[in-house]
Amino acid sequence: MSQKPDEKQDLILADLADDELVEQMFDDLYDGLADEIVEATRILLNRGWDARRVLDDALVGGMNIVGADFRDGVLFVPEVLLAANAMKAGMAILKPLLAATGGKPIGKMVIGTVKGDIHDIGKNLAGMMMEGAGFEVVDLGINTNADTYIAALREHEPDILGMSALLTTTMPYMKVVIDTLKERGLRDKYIVLVGGAPLNEEFGKAVGANAYCRDAATAVEVAKRLLQERRAARA
Ligand code: B1M
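All values derive from a computational prediction rather than experimental measurement. (Residues numbered from 1 in each chain as written. Predicted model: local features only at pLDDT ≥ 70, side-chain atom pairs only at ≥ 80, totals over all residues. Heavy atoms only, no water.)

### Notes on the coordination of the cobalt atom of the ligand
Coordination of the cobalt atom of the ligand by the protein involves just one donor, H119 (NE2), at a distance of 2.1 Å. Positionally, H119 belongs in the loop between strand 1 (107–113) and helix 6 (121–132). (Donors = N, O, S within 2.8 Å, 3.2 Å for Na, K, Ca; no water. Helix = DSSP H or I, 4+ residues; strand = E, 2+ residues; numbered from the N terminus.)

The following block contains the structure:
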């Protein structure tokens, strides 16, 4: 996958055509080269790519390759962490562009990755896209237990609770959070959205969420629609 160091030194990213540059970004992400990812992200933006396209085609595309090799035992945790850091470095450039809306927030969301789970890239993306769509987002980070979610709901009074899980072993915790909300008489106050690679529509229904969001863009669409419906019903 990766090139030899001396070949790498000779490579001038700005000289590559778009498709070659994206291929190179897949390699650089795989190799955890954050500086190169930052440079290539800037090059694509300067060439007129919008932030969404850079995110979807270059960064998420590259991370999918990392994910497949992680699954197959070709890559291990340290390498994947480096890849994740490189992805985050690229996302940091895109964040202000994805979040550039201005004006009064159209709603508020509290979001966190559930207890036992430290994957945060998808959660961060969902948060970024929601901010980009005009929502105020309170990010609780990773490894979030029910009490922390509930304390944040009480403190910030959002319209939406978002939960993310990437492990089949942690996704059931979403039901624990929703059941705790029910027990405390709080469930109906919030729209609960869940996301993460191992989830699906059926799981979202089974745990009692309002909706499962396949990706960050879907989270935005669903959040807007459900919030509008809720406001219309209350008017
Ligand atoms: Co982890 N890991 N990992 N990992 N890791 C997976 C999830 C895995 C599928 C890899 C594999 O085997 N193919 C596998 C899970 C298998 C399973 O559960 N069946 C796995 C495993 C096993 C593990 C460990 C247990 C490995 C170990 O230690 N032996 C360990 C668990 C640690 C823990 O959490 N307790 C572990 C650790 C790690 C790293 C720390 C190395 C790193 C995380 C770094 C970080 O996040 N800061 C890591 C990574 C990077 C991955 C993969 C490769 C990539 C995940 C990712 O960021 N994808 C992943 C393989 C894969 O998914 N292909 C894997 C990109 C991201 C944009 O996608 O998060 O799905 P995703 O988000 C999407 C949607 O799902 C949705 O929107 C996003 C896109 O628009 N979405 C939401 C997500 N959350 C949402 C919330 C919403 C809405 C939408 O709220 C409203």
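### A closer look at the site of the ligand
Contacts to the ligand come from 34 residues, most closely from R71, I118, H119, D120 and S164. Backbone polar atom of G116 to a nitrogen atom of the ligand: 2.9 Å apart, as the coordinates give it. Here a nitrogen atom of the ligand and a side-chain polar atom of S164 are 2.8 Å apart. Of all elements in the fold, only helix 4 (51–71), helix 5 (77–98), helix 6, strand 3 (160–164), strand 4 (191–195) and helix 10 (216–234) reach the threshold of two or more residues within the shell around the ligand. Classifying every residue of the shell around the ligand by side-chain character gives 19 nonpolar, 8 polar and 7 charged. Each of domain 1 (8–100) and domain 2 (107–234) contributes no fewer than three residues to the shell around the ligand. (Near = heavy atom within 4 Å. Polar contact = N/O pair within 3.5 Å; in protein donor to acceptor, adjacent residues only side chain to side chain. Nonpolar A, V, L, I, M, F, W, Y, C, P; charged D, E, K, R; others polar. Domains from an automatic or database assignment.)

### Quick look at the pairing of strand 3
Counting buried residues in strand 3 gives 5 out of 5 residues, a clear majority hidden from the surface. Because side chains alternate across strand 3, one face comprises the buried residues I160, G162 and S164, and the other comprises L161 and M163, equally buried. The pairing of strand 1 with strand 3 spans 5 bridges and is parallel. Within the sheet, the bridge partner assigned to I111 lies in strand 3 and is G162. Here strand 3 pairs with strand 4 via 5 bridges, running parallel. Paired with G162 across the bridge in strand 4 is L193. Regarding topology, helix 8 (residues 173–183) serves as the crossover connection from strand 3 to the parallel strand 4, and that connection is right-handed. (Buried < 20%, exposed > 50% of the residue type's maximum accessible area, 1.4 Å probe, protein only. Pairing = 2+ DSSP bridges. Right-handed = clockwise from strand over helix to strand, strands pointing away.)

### Points about a nonpolar patch on the surface
Together, F70, V77 and L81 give the surface a local cluster of nonpolar side chains, amounting to about 280 Å² of exposed area. Tracing the chain through its elements places V77 in helix 5. (Patch = residues over 30% accessible without salt bridge, like charges linked within 9 Å, V, L, I, M, F, W, Y side chains within 5 Å. Areas by Shrake-Rupley, 256 points an atom, 1.4 Å probe, with all protein chains shown as cover. Salt bridge = Lys/Arg side-chain N within 4 Å of Asp/Glu carboxyl O.)

### A short note on the side chain of K108
Positionally, K108 belongs in strand 1. Although K108 lies buried, it forms no salt bridge, and the closest oppositely charged side chain, E136, sits 4.1 Å away as judged by the N-O distance. Separated by 2.7 Å, the side chain of K108 and the backbone oxygen of H156 make a polar contact. With near-sequence residues (within four places) excluded, K108 lies in contact with F135, E136, H156, E157, P158, D159 and I160. (Lys, Arg positive; Asp, Glu negative; His and termini not counted. Contact = heavy atoms within 4.5 Å.)

### Some points on the domain arrangement of the chain
For an interface, size is often stated in terms of accessible area lost upon the parts coming together. What the domain assignment lists for the chain is domain 1 (8–100) and domain 2 (107–234). Each of domain 1 and domain 2 was reduced to a C-alpha centroid, and the two centroids are 27 Å apart. Taken together, the contact pairs 11 residues of domain 1 with 9 residues of domain 2. When domain 1 packs against domain 2, close to 930 Å² is buried across both sides, 77% of that on carbon and sulfur atoms. Per-residue buried area on domain 1 facing domain 2 is highest for K88, M91 and L98; these three make up 46% of the total on that side. Our count for the contact surface shared by domain 1 and domain 2 stands at 1 salt bridge. The salt bridge partner of K88 is D120, with a shortest N-O separation of 3.1 Å. The interface formed by domain 1 and domain 2 includes 1 residue pair in polar contact (both at pLDDT 80 or more). Residue assignment for the side of domain 1 that touches domain 2 shows that the elements contributing at least two residues are helix 4 and helix 5. Among the elements that line the side of domain 1 that touches domain 2, the one with the most residues is helix 5, at 6 residues. (Buried area = accessible area lost by both parts, 1.4 Å probe.)

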